[in-house]
Amino acid sequence: MDSRVSVNLSIQENGEEYVVGSIYTNEYIEVPEEAVLIIQKLDGNLTLEEVSQWIKEEHNIEVDVLDFVNDLRELNFLETIDGIVLIEPKNKILRNNKLTLLISNLFFNKASNLIYIFIFLSTIYLIFFYEGLFPSYKDILVFNQIGLSIFTIVLLTWALTIIHEVGHFLAAYKIDIPVKFNLSIRMYWLVAEADISGLWSVPRNKRYVPFLAGMAFDSLVLFISVILKIAVPLLENIASLLVLLITIRFISHFMVFLRTDVYYVIMNSLNVRSLHTTSIEYIKNKFQFNKLPEMKSNERNYIRIYSFVYLAGAILSLCMLAFYSVPSMVLMIRKTIDQLASVTTFTNFLDGCLALIVIIVNISLWMFGAKQKLKTYKLSKEL
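Analysis parameters
- Residues numbered from 1 in each chain as written.
- Predicted model: local features only at pLDDT ≥ 70, side-chain atom pairs only at ≥ 80, totals over all residues.
- Heavy atoms only, no water.
- Helix = DSSP H or I, 4+ residues; strand = E, 2+ residues; numbered from the N terminus.
- Buried < 20%, exposed > 50% of the residue type's maximum accessible area, 1.4 Å probe, protein only.
- Contact = heavy atoms within 4.5 Å.
- Pairing = 2+ DSSP bridges.
- Axes fitted to C-alpha atoms, helices over the stretch in contact; angles between N-to-C directions.
- Patch = residues over 30% accessible without salt bridge, like charges linked within 9 Å, V, L, I, M, F, W, Y side chains within 5 Å.
- Areas by Shrake-Rupley, 256 points an atom, 1.4 Å probe, with all protein chains shown as cover.
- Salt bridge = Lys/Arg side-chain N within 4 Å of Asp/Glu carboxyl O.
- Lys, Arg positive; Asp, Glu negative; His and termini not counted.
- Charge placed at Lys NZ, Arg CZ, Asp CG, Glu CD.

**Student:** Teacher, can you tell me more about the environment of Leu-220 here?
**Tutor:** Following the sequence through the fold, Leu-220 ends up in helix H7 (residues 208–231). Residue class for Leu-220 comes out partly exposed when judged on its relative accessible area of 24%. Taking the C-alpha atoms as reference points, Leu-220 and Glu-33, separated by 187 residues in sequence, lie 43 Å from one another. Beyond its immediate stretch of four places on either side in the chain, Leu-220 contacts Phe-107 and Ile-119.

If you want it as structure tokens, here you go:
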């Protein structure tokens, strides 16, 4: 109790509780007000005994400060103990790249945010009221060769994914939040994820732009694609494919059971930090006839609604997997093999090889994403 401890944690009010965490370790927890009072006194000047006496005298609260500090240490939240540095701020972004900061300020400011909204609404108007712009399933085939078409679809899909994630990165960089990228699986879809958990260290109203930044960049690319489709006939097929792919991407963002960008916006606006995780536990308890955990009435209503959406989404996803995704993949592989087996020209052979390579690469990426998902799941169980 004679030790002096210091922490450097962000503290954000979250309803009746607080979210505290470290931008160094990217870990955040919910704590009551008395925990925040202790954390604010852990500046390295007072001993733990003095902190314990202070909170008892000033707030009439008896807390086992040593036990609480040990919990913080297990979470790697302690910065120093008796002057000994435990955590070096290696992961903290210092925004020392002036060019990146300049670009982030250019793309994300009050004026640009309004421009994104204007661009999105203008594009929607053009698509619905300008003849020939509404996306069709036929736009998926850019070329007559199946291999070249599949390659183009995959290439453009990943290009759009990179642009989308760059939007998240720039918006987070602007407010000094670190971003980590990885591949993972949601339901059975392979997704690229931008981990911006550090947003819990900033006020709620500052989280919306980073959450929506990817969709803002999607809107910009969609607008450019529509203009190209109207103004440049030579690029009409590619532009049509881009419009179709981005439209599908926008629709997918509203599949909130996959924890999309829209999900995080809803979660932030409702002020329910663990909406997805809590809803899964809620569903498990319902099916196992266990007693439901205590929660606020409004939060319980949100959990119930999201649980229904999640279950409906899970059933829909399984149906799509069984009746669409797997059959489509099998059909694509069979057609590719048939094309390779009955070669009429060298061009057809190369096209079949290209299709096969694309399929193999996508399956490999899916397996890598599944491995990452399993790794994350095992780590969460250990914690």
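**Student:** Got a minute to help me understand the sheet that holds strand E2 (residues 10–14) in this structure?
**Tutor:** One key point about sheets: their strands pair by backbone hydrogen bonds, in either a parallel or an antiparallel sense. The three strands lie next to each other as E2-E3-E4, forming an open sheet whose pairing is antiparallel. This sheet does not close on itself; its edge strands, each paired only once, are E2 and strand E4 (27–31). When strand polarity is set aside, the average angle formed by the axes of neighbouring strands in this sheet is 25°. Pairing analysis gives five bridges linking strand E3 (residues 17–22) to E4, with the strands arranged antiparallel. Paired with Val-20 across the strands is Ile-29, a residue of E4. With respect to the sheet, helix H1 (residues 33–41) is in contact with E2, E3 and E4, its orientation differing from that of E3 by roughly 40°.

**Student:** Please clarify how a negative patch on the surface should be interpreted in this entry.
**Tutor:** On the surface, a cluster of negative charge is made up of Asp-2, Glu-49, Glu-50 and Asp-82. Residue position: Glu-49 is located in helix H2 (residues 48–59). Taking the relative accessible area as the measure of exposure, Glu-49 reaches 32% and is therefore partly exposed.

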